[in-house]
Amino acid sequence: MAVWDLSVMVEELGPEAPALKVSVTSDLHVGGVILKIVQKTDIKKDWSDHALWWEQKQQWLLKPAWTLDKCGVHADARLCFTPQHKPLRLGLPNGATVSLRACFSSPVFRSIMGICRLLNIRHPEELSLLRPAEEKKKKKDTAQEELYDLTGVPLSAGLGAVVTLSDGMPAHFAESPEAEAVYKMLSVSQPAPAPETINKLYRPTSVVEKAQVNSRWLDSSRSLLQQGVQENSKLLLRFKYFSFYDLVPKVDVVRLTQLYEQARWAVLLEEIECTEEEMMLFAALQYHIGKVSLTEALVTPSPAMDDLDFALQCLEVKMDGESSGVDMLESMTAPQLHDYLKIFRPKRLTLKGYKQFWFTFKDMSISYFKSKEESFREPIQQMNLKGCEVTPDVSVANQKFCIKLLIPEPDGMNEVCLRCENEQQYSNWMAACRLASKGKTLADSSYPSEVQSIRSFLAMQRSVPGSNDAQTDESINTHSLVSPRYQKKYKAKQLTPRILESYQNVAQLSLTDAVQRFLQIWQALPDFGVSYFVVRFKGCRKDEVLGIANNRLIRIDLGVGDVVKTWRYNTMKQWNVNWDIRQVAIEFNGNVNIAFSCLTADCKIVHEYIGGYIFMSTRGKEPGETLNEELFHKLTGGHEAL
Amino acid sequence: DNDLDALMADLMADLDATEKLAAEKKAAAKDPHPTLENLHLPSPDHASVPAPPLPPAHRASSVPVPTPVPTSAPAPAPSSSTNPPSAENEEQAKADKIKLALEKLKEAKVKKLVVKVEMTNGSSKTLMVDERQTVRDVLDNLFEKTHCDCNVDWCLYETNPELQTERGFEDHENLVEPLSAWTRDSENKVLFREQEDKYAVFKNPQNFYLWKKDKKALKDMKDKDKELLLEENFCGSSIIVPDLEGALYLKEDGKKSWKQRYFLLRASGIYYVPKGKTKTSRDLVSLVNFDNVNVYYAKEYKAKYKAPTDFCFILKHPQIQKESQYIKYLCCDDHRAMTLWVTGIRVAKVSKAPISSPLTPRTRISRGPTAHCVVFSTGSRCTRTTRLTQPLPPPPLMDVLPPPPPDPVMPPPPPLPNKGGLPPPPPPSSVTKNRGGALPPAPVEDFPPPPPLDDGELPPDFMPPPPPAAGVGFYLHGGEALPPPPPDPVGLPLAPPPPGPPPPPPPPPPVGAPAPRPVLPAKREGPAPPKRTTPGLSAPSGGDFMSELMVAMQKKRVQQ
């Protein structure tokens, strides 16, 4: 057989070095070629990660047993001998960028599996890689971007279980303090961004703009290098399929944190719309999560008070320790609050303005008397606060500390305003009112923390509005908790009480619960989980929007934004892609046929979305089930898969 | 109760009782007076009988330092501040006693109510309900006392003649609390009756979640698709609220007129579209959130408030019993809209149930038929767990009152309508378990069980029809293509396995057999498919999805 020269670029020889000429025959297999190259370079190193890349054809020669002939390589081919794993800058949902080694030769789906394994995110099938939006740049912000480096951490290709340490951190992060810092960044939610940061980022304002992002997904059946991703370029890792399977806070620390971050940014950047009330609740939860993240880890075992027996034991120990009978009985009878406060009842004309009385708070009711001396007599009035609505009316600047109560009574709501003298008094009484409204007494163990959280929220008001500090211990600019729309609509001063109002419902949540609540509310939004594409339906003259969700396809009017029609996957009989004219055709039960071409994204992306969601719904026969990669490719691959 | 006496006395001695102490004791003991709400008191004796917990307290307080030291435990030193260092046993015994005493005190504080429940035939039953009992518990109790068929539709209904409203209590609610809100002269009633809408959302979820579709499609919905809907909306990480929207009439605050507005239901509340705005989320105005209000059907508001129709509902705080500006009055065009909204709001209220906390482990709900009972009772789980450590002693007034203690020993025998072959479920092993288990039996029979027909229907479904002209195509079969994830076994610590559940269609459908399923080389070397491809999916119902796919592919190839 004829011998000919194959020219191969070897990066290790330097960028200027001429291509290596290796004499080969057409029946030489790829493995043999590699051996010859390595011998010829005369460099001693571990070449095991290297493989041949055929740039003209945009393909890897990964099968060592295939002959050059079978691969179609002839003398005119110019190959490149290069490592399969290359560093990649990965933008995470939380906004941080981490540098790590990713596989550039396997299908992106598999590369993501490796990345997620390294980052300790389960269910990699739910994530994918996005090309970053092209920036109209001139700014050299790449220089100042903080980069977390994980390139030193080996990317284990095996499928064995990741070894985790007792605190849930995978062992590979424990190798250096830097890696540990990266793990902290991954597993703890980021402090609230400065309002400017939110303002600077791109916000989609219409459904068409929301569709743009979906044009940037990488194809999961082809490799990174095949898709033109170069070494060290930047990609974004995002949750793509909004169908989060088996979220377990204990083992999904990074997953849960990153999911929360993605949801938070989606809310802040108005990628998903919500009402003002919902925004305030999101803000309150962000504030709360930011605050407890400073002190609490996502996986610490919850306080062991869940067991009544245990609680009783604690009580006993405490009683034995102090062991005075009076103490013990006191701990059994509810503690009380007494003070002179001012009351105002908007509806009763007899009382004009605020009037001072002696107030007693016991169990769940407030009683008031003419004076302290009269307090043993019958109260002027007693109000049971259970089920009432409590709203703050506070202005630190004006030293106004009012508690507004709406107390339900058989014939309506009784409106009452209590005015306190100072922060301290206000915090105590406010906390008591809130607990009582939820049917808890002062004796409840959450009382001290409730008082504390009210005080810290008051501290928020004290902080100078307009300063753009990120979240510190106590103070925070409330503008960093809401989307720019509300930054414009309300001054920080006006926003704080609104957020405070929502905050009272979440202040007692643990970190895990708060994060889950955030995700829950996010998932309950009507537009949750819909990915948009601008399409042209067959037989229609105008552009329309197709929404793809985890259980349905939605046809949306582009102008008005109204849902025109919904098709559920369970009525879908088949779908076809005509790759020549790049048209997707879907048949539903009852002879319903639709076909459309995709305008804002390649039809492969749309095809992959639909197939991906079908795949997601097939998961979960057994909890420990391994990922069925083959099936995923079958459903999403298109013609490459067959 | 002698035991309690002794313990009390012991405790007293132990604590070196003082005047103050006695007073406090009395205060503590006063609370336990079963609150004698004047709710249809059954017997005049009732009031005259002093509550049992009271006397011991009196005795204890009148004798300053009683010294009946029980022989069972060595007496602790009178002043407990100096604990004998050696006696660990003593400590233990003392701890036990304190614990017991605390429990008893707690028990004595439990509020109880005597409730008259009106039956469908106009007669009434009187029973005692304590504040820890859920409506479900009370219903089980009533099932025992009556000879009704115990189906899922039985519920407790509250009527308010003054407001002309009525509302079915949810199974997970506590009964005592809402009843305590009634005024003294209230003419409200509690009815025990069958109410179809109680679990309508679980029987026909499509009517609520796909309400926009045309009526015929909804009516012909397959059971499998219904199950899938339940799965999607109730078994995920959050309960999905039906996306209702439409024009309703709202009675304007304090006015007689009704104004039409466009309303939307979201998990976070009811919103309306303000004048001149679109229904984008950011423009919506909140009418009310569901934190503090309940939804009530309102009767004959055309006459009472000049409502446009008689299909009205109101939202109000449960405490409000009379006409008030704090009530939101809404009016729908027709009965269907009213049912949609009221049910939607009920779902929204349930969706706000607290998320995982140590006491209420997050449960993945078992699919299908059982789902409905579990979902609407998320709240009750908490109570049940607590009870495990706190066994219920018989209520103190038991001998005076006709009704037996509320602790049902057995769940009502689950009716097994069309399930002749199925053995009855084994009786739950313990009473506590049983209380948890009391939920599922009722729903069992009423949920449309997968008819045997279903299996018969499968074969045609499974045969891949001739390929479409378009090109290579595998088929997606209706609901089967998207099997709902099975319940997470770990997630169900408290929801007991449904006794005698109508099982989902038997796992290996008979159809699977004829298909030449497994023996297929995984090679795809046949005629290279043309450029256009179709990914496809067939039913994984047989368990092995891949082999189904293979079968389909082979068939395809053969046809080519």
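Here, every reference points to the structure presented above.
Residues numbered from 1 in each chain as written. Chains lettered and ligands numbered in written order. Predicted model: local features only at pLDDT ≥ 70, side-chain atom pairs only at ≥ 80, totals over all residues. Heavy atoms only, no water.

Draft legend 1. Layout of the pairing of strand E3 (residues 154-160) of chain B. All names here are of chain B. Burial analysis of E3 places seven of its seven residues in the buried class, which makes it a mostly covered element. Burial of the side chains of E3 extends over both faces: Trp-154, Leu-156, Glu-158 and Asn-160 are buried on one face and Cys-155, Tyr-157 and Thr-159 on the other. One ladder, built from six bridges, connects E3 with strand E5 (residues 189-194); its direction is antiparallel. From the neighbouring strand, Cys-155 faces E5, where its bridge partner is Arg-193. Across four bridges, the pairing between E3 and strand E4 (residues 165-168) is antiparallel. (Buried < 20%, exposed > 50% of the residue type's maximum accessible area, 1.4 Å probe, protein only. Helix = DSSP H or I, 4+ residues; strand = E, 2+ residues; numbered from the N terminus. Pairing = 2+ DSSP bridges.)

Draft legend 2. Spatial organisation of the environment of Glu-300 of chain B. Its place among the elements puts Glu-300 of chain B in the loop between strand E10 (294-298) and helix H12 (301-305). When neighbours within four sequence positions are excluded, Glu-300 of chain B is seen to be in contact with Gln-164 and Asp-310 of chain B. (Contact = heavy atoms within 4.5 Å.)

Draft legend 3. The arrangement of the packing of helix H8 (residues 253-268) of chain A against helix H16 (residues 511-524) of chain A in detail. Residues and elements named next belong to chain A. At a closest axis distance of 10 Å, the pairing of H8 and H16 adopts a crossing angle of 45°. It follows from the interaxial angle that H8 and H16 lie oblique. As for how H8 packs across H16, the hand of that crossing is left-handed. Contacts from Leu-256, Leu-259, Tyr-260, Ala-263, Arg-264, Ala-266 and Val-267 in H8 reach Val-515, Phe-518, Leu-519 and Trp-522 in H16. (Axes fitted to C-alpha atoms, helices over the stretch in contact; angles between N-to-C directions. Parallel < 35°, antiparallel > 145°, perpendicular 65-115°, else oblique. Left-handed = near helix turned anticlockwise from the far one by under 90°.)

Draft legend 4. Here's a closer look at the packing of aromatic side chains. The tally for this structure, following the rule as stated, stands at 39 aromatic pairs over all chains. Judged by centre distance (5.6 Å) and plane angle (65°), the ring pair of Tyr-241 of chain A and Tyr-609 of chain A falls under edge-to-face. One end of the pair, Tyr-241 of chain A, is in the loop between strand E10 (234-239) and H8; the other, Tyr-609 of chain A, is in helix H17 (residues 603-618), with 368 residues separating them in the sequence. Like Tyr-241 of chain A, the residue Tyr-609 of chain A is buried in the burial classification. An angle of 25° between the planes, with centres 4.7 Å apart, marks the rings of Trp-154 of chain B and Phe-192 of chain B as stacked. Of this pair, Trp-154 of chain B sits in strand E3 while Phe-192 of chain B sits in strand E5, placing them 38 residues apart in sequence. Overall, Trp-154 of chain B belongs to the buried group, its relative accessible area being 8%. Pairwise contacts between aromatic rings join Trp-217, Tyr-241, Phe-533, Tyr-609 and Tyr-613 of chain A into one cluster. Its guanidinium or amino end placed over the ring of Trp-47 of chain A, Lys-45 of chain A lies 5.2 Å from that ring's centre, counting from NZ or CZ. Above the plane of the ring of Tyr-271 of chain B lies Arg-266 of chain B, whose end atom (NZ or CZ) is 5.9 Å from the centre. (Phe/Tyr/Trp six-rings, centres within 6.5 Å; stacked < 30°, edge-to-face > 60°. Lys NZ or Arg CZ within 6 Å of the ring centre and 35° of its normal.)

Draft legend 5. Quick look at the pattern of salt bridges. Summed over the entire model, instances satisfying the criterion amount to 46 salt bridges over all chains. Where Glu-231 of chain A meets Lys-86 of chain A, a salt bridge forms, and the shortest distance between an N and an O atom there is 4.0 Å. With a gap of 145 residues between them, Glu-231 of chain A in the loop between helix H7 (207-212) and E10 and Lys-86 of chain A in strand E6 (residues 85-91) connect regions that are remote in the sequence. Taking the shortest distance from any N to any O, the salt bridge between Lys-386 of chain A and Glu-177 of chain B comes out at 3.9 Å. Linking Lys-386 of chain A in the loop between strand E14 (381-384) and strand E15 (389-395) with Glu-177 of chain B in helix H7 (residues 176-180), this pair reaches from one chain into another. The class of Lys-386 of chain A is partly exposed, set by a relative accessible area of 30%. Overall, Glu-177 of chain B belongs to the partly exposed group, its relative accessible area being 48%. A single network of salt bridges, built from pairs that share partners, joins Arg-122, Glu-125, Glu-126, Asp-246, Asp-252, Arg-255 and Arg-619 of chain A. (Salt bridge = Lys/Arg side-chain N within 4 Å of Asp/Glu carboxyl O.)

Draft legend 6. View of the sheet that holds strand E2 (residues 20-25) of chain A. Residues and elements named next belong to chain A. The strand order across the open sheet built from five strands is E2-E1-E5-E3-E4, with neighbouring strands paired in mixed fashion. Either end of the sheet is taken by a strand with one partner, and the two such strands are E2 and strand E4 (59-61). The average angle at which neighbouring strand axes cross in this sheet is 40°, direction not considered. When strand E1 (residues 3-10) meets strand E5 (residues 78-83), the two strands line up parallel, connected through four bridges. Looking at the pairing, Met-9 lines up with Cys-80 of E5. Packing against the sheet, helix H1 (residues 30-41) makes contact with E1, E2, strand E3 (50-54), E4 and E5, and its axis sits at approximately 145° to E2.

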